[in-house]
Amino acid sequence: MVRHLFILIWNKRKQHFLLMFEMLVSFMVIFGVFSLMVYYYQNYRKPMNFDYDRVWVINYNNALKTNNSDSLSLFYENVRKTLRSMPQIKGVSYASANLPFTETTNSTGLTYKNNRLNRINNFIIDDEYAAVLNVRMLDGRWFNKTDAVSTNRPVVIDAALKEAFFGKEDAIGKFIGSHDNKTKMKVIGVVGNLKSRGDYTSIGPSVFARVDTGAFHWLGNILVKVTPDADAAFESHLYKSMANAMKNANVEIEHLVDKRRSKNNFFLIPLIVITIVAGFLIVNVALGLFGVLWYNINTRRGEIGLRRAVGASRSSVSLQLVGEALVLTTLSLITGTFFAIQFPLLNVGNVEAGVYLTALVLAILFIYLLVLICSLYPGRQAAAIYPAVALHED
């Protein structure tokens, strides 16, 4: 029977071309929606590996006009002491502009033996960064003051970079090279992959380097960990204190909680837009399929009546109509699957193949379910035709 249905639909392919094309387009759009959903869901399930609650960001511009690095270092160390003297502040850390949930990025290239990686996220931070954000250490240790006199520059890497360079080997104590492989850096610690771009995305391999005195010429961000009782009144007091400490500097205070919410909304916008477009396409396909089946019933009343007259049951008539719709869908999905399978094969967007394969299965099941729902009622209507009435009309 299945072979007969395929032959029947194939012989009428010109009549069903538009509907099959709509199914193909809808399938590709739904495949894209499910790909985003699966990608976001997998990232959402991964741990954040740091705490953003009650962490504020003080943004400033370097208003101290001096080229002396030691003077700058002493000045900003006094600013740190001023912040620490406030009872509502539990930790202070200077960091580069690529803070959690910001749009700023800073990348570099690193080498290990014959392996070279580009576009590695590069974080310039101080010794208190891990404590302020409660960064999850997986192996080794974080920076401390003894690292200031190390022969080789110490670095901390995340789990993604460790996997790329060392696999299952121990990374602690290994040396990695700079982008030109002229400078060797010693790995002293491994942290979990920080989801610093929001809940729904991963930033990939990252390296953390300790600030030096020269970094204060361009640093412009301070992370502060505050107590639960830090309110708007304290924020106003903090702003005035920073404005007085940094004359002629533009000071701005932000909350990582608010920045995380904004970042998540930014990534959800494409998903919402594509979902709306997919919704319109699904409605068009459903209406088109429903109309085609309804038209087939009206034009084939004589055929249906004859089948009923020679002994065909209601269920077999209904099953034929539903089967024809599923065969029509299968022909569209064969073409759609061919295009969809290219995404994991070509590694589009550097997304794991499992994301695309899962989305492909979900999209196929969704289209089949949609067609099944749309064909059930017309199939029941066809099964309800009385043989005598249909033959008399014919």
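Here the structure is a predicted model, which is why all the values come from computation and not from measurement.

Trainee: Could you clarify how one ought to interpret the pairing of strand β8 (residues 184-191) in this entry?
Mentor: In regular strands, side chains alternate between the two faces of the sheet. For β8, a buried count of six out of eight residues is recorded, marking the element as mostly surrounded by other parts of the structure. Relative to β8, strand β6 (residues 153-158) runs parallel, the two sharing six bridges. Along β8, the bridge assignment pairs D158 with V191. Examined bridge by bridge, strand β7 (residues 175-177) and β8 share three bridges and lie antiparallel to one another. Its bridge partner being in β8, I176 is matched across the sheet by M185. In sequence, β7 turns back onto β8 through a hairpin of six residues, with N181 there showing a positive phi of about 60°.

Trainee: Would you mind going over unusual backbone geometry with me for this structure?
Mentor: Glycine aside, the phi torsion of most residues is negative, and most peptide linkages are trans. The phi torsion at N49 lies on the positive side, around 65°, for a residue other than glycine. Within the secondary structure, N49 is located in the loop between α2 (17-45) and β1 (55-59).

Trainee: Before we go on, may I ask you to explain the environment of R153 in this structure?
Mentor: Inspection of the secondary structure puts R153 in strand β6. If we skip the residues at most four places from it in the chain, R153 touches I124, K184, M185, K186, A209 and R210. From its side chain, R153 meets the backbone oxygen of R210 in a polar contact 3.3 Å long.

Trainee: Help me out: how do you make sense of the packing of aromatic side chains in this one?
Mentor: Describing an aromatic ring pair means giving the distance of the ring centres and the angle of the ring planes. By the definition in use, this model includes 25 aromatic pairs. Considering the side-chain rings of Y60 and Y76, the 5.6 Å spacing of their centres and the 35° angle between planes classify their relative orientation as tilted. Remark: Y76 occurs in helix α3 (residues 69-84) and Y60 occurs in the loop between β1 and α3; sequence separation between them is 16 residues. Overall, Y76 belongs to the buried group, its relative accessible area being 1%. Counting every residue linked through ring pairs, the aromatic cluster contains Y60, F75, Y76, Y94 and F216.

Trainee: What am I meant to see in the pattern of salt bridges here?
Mentor: Close approach of charged atoms allows side chains of opposite charge to pair. Taken as a whole, this structure holds 13 salt bridges when the rule is applied. R80 serves as the salt-bridge partner of E128, at 3.1 Å between the closest nitrogen and oxygen. With E128 in the loop between β4 (115-125) and α4 (129-133) and R80 in helix α3, this residue pair connects regions lying 48 residues apart in the sequence. The class of E128 is buried, set by a relative accessible area of 18%. Two residues, R84 and E128, come together in a salt bridge whose shortest N-O distance is 1.8 Å. With R84 in helix α3 and E128 in the loop between β4 and α4, this residue pair connects regions lying 44 residues apart in the sequence. Judged by its relative accessible area of 44%, R84 is partly exposed. Salt bridges linked by common partners bring E77, R80, R84, D126 and E128 together as one network.

Trainee: I would appreciate a short explanation of the pairing of strand β9 (residues 206-210) in the present structure.
Mentor: For β9, the tally of buried residues reaches five of five residues, placing the bulk of the element in the interior. Every second residue of β9 is oriented toward a common face, with S206, F208 and R210 on one face and V207 and A209 on the other, all of them buried. Sheet topology places β6 next to β9; three bridges connect them, and they run antiparallel. Residue V155 lies in a different strand from β9, and its bridge partner there is A209.

Trainee: Whenever I open this one, the side chain of T329 confuses me. Can you help?
Mentor: Inspection of the secondary structure puts T329 in helix α9 (residues 314-340). Looking at T329, the relative accessible area reads 0%, which means it is buried. With residues up to four places along the chain from it excluded, the contact list for T329 reads M23, I367, Y368 and V371.

Trainee: How do you make sense of helix α6 (residues 232-245) when you look at a structure like this?
Mentor: A turn of α-helix holds 3.6 residues, and therefore any two residues three or four places apart point the same way. Look at α6: 20 Å from first C-alpha to last across 14 residues, which is about the 20 Å you get at 1.5 Å a residue. Of the residues making up α6, those classed as buried are F234, L238, S241 and M242. The arc that holds every buried residue of α6, seen down its axis, measures 95°, which confines them to one face. Seen from the open side of α6, the exposed residues pointing more than 90 degrees away from its buried face are A232, A233, K240 and N244. Contacts from the buried residues of α6 go to β1, α3, β2 (89-95), β10 (221-226) and β11 (252-255). Between the side-chain oxygen of the N-cap and the backbone nitrogen of A233 there are 3.3 Å, and the N-cap of α6 in question is D231.

Trainee: For this particular structure, what's the right way to read a nonpolar patch on the surface?
Mentor: Among the surface-exposed residues, L369, L372, I373 and L376 lie close enough to one another that they form a single nonpolar patch of about 360 Å² accessible area. Along the chain, L372 falls in helix α11 (residues 353-383). Here L372 falls in the partly exposed class, since its relative accessible area comes to 34%.

Trainee: Honestly, the side chain of K195 in this entry has me stumped. Any pointers?
Mentor: Locating K195 in the fold gives a position in the loop between β8 and β9. Buried and unpaired, K195 has no salt bridge, with D199 as the nearest side chain of opposite charge at 4.6 Å. Aside from chain neighbours lying at most four places away, what touches K195 is N43, Y44, K46, P47, M48, F50, F101 and T201.

Scoring rules and cut-offs
Residues numbered from 1 in each chain as written. Predicted model: local features only at pLDDT ≥ 70, side-chain atom pairs only at ≥ 80, totals over all residues. Heavy atoms only, no water. Buried < 20%, exposed > 50% of the residue type's maximum accessible area, 1.4 Å probe, protein only. Helix = DSSP H or I, 4+ residues; strand = E, 2+ residues; numbered from the N terminus. Pairing = 2+ DSSP bridges. Contact = heavy atoms within 4.5 Å. Polar contact = N/O pair within 3.5 Å; in protein donor to acceptor, adjacent residues only side chain to side chain. Phe/Tyr/Trp six-rings, centres within 6.5 Å; stacked < 30°, edge-to-face > 60°. Salt bridge = Lys/Arg side-chain N within 4 Å of Asp/Glu carboxyl O. Expected span 1.5 Å × (residues − 1). Arc of directions from axis to C-beta. Patch = residues over 30% accessible without salt bridge, like charges linked within 9 Å, V, L, I, M, F, W, Y side chains within 5 Å. Areas by Shrake-Rupley, 256 points an atom, 1.4 Å probe, with all protein chains shown as cover. Lys, Arg positive; Asp, Glu negative; His and termini not counted.

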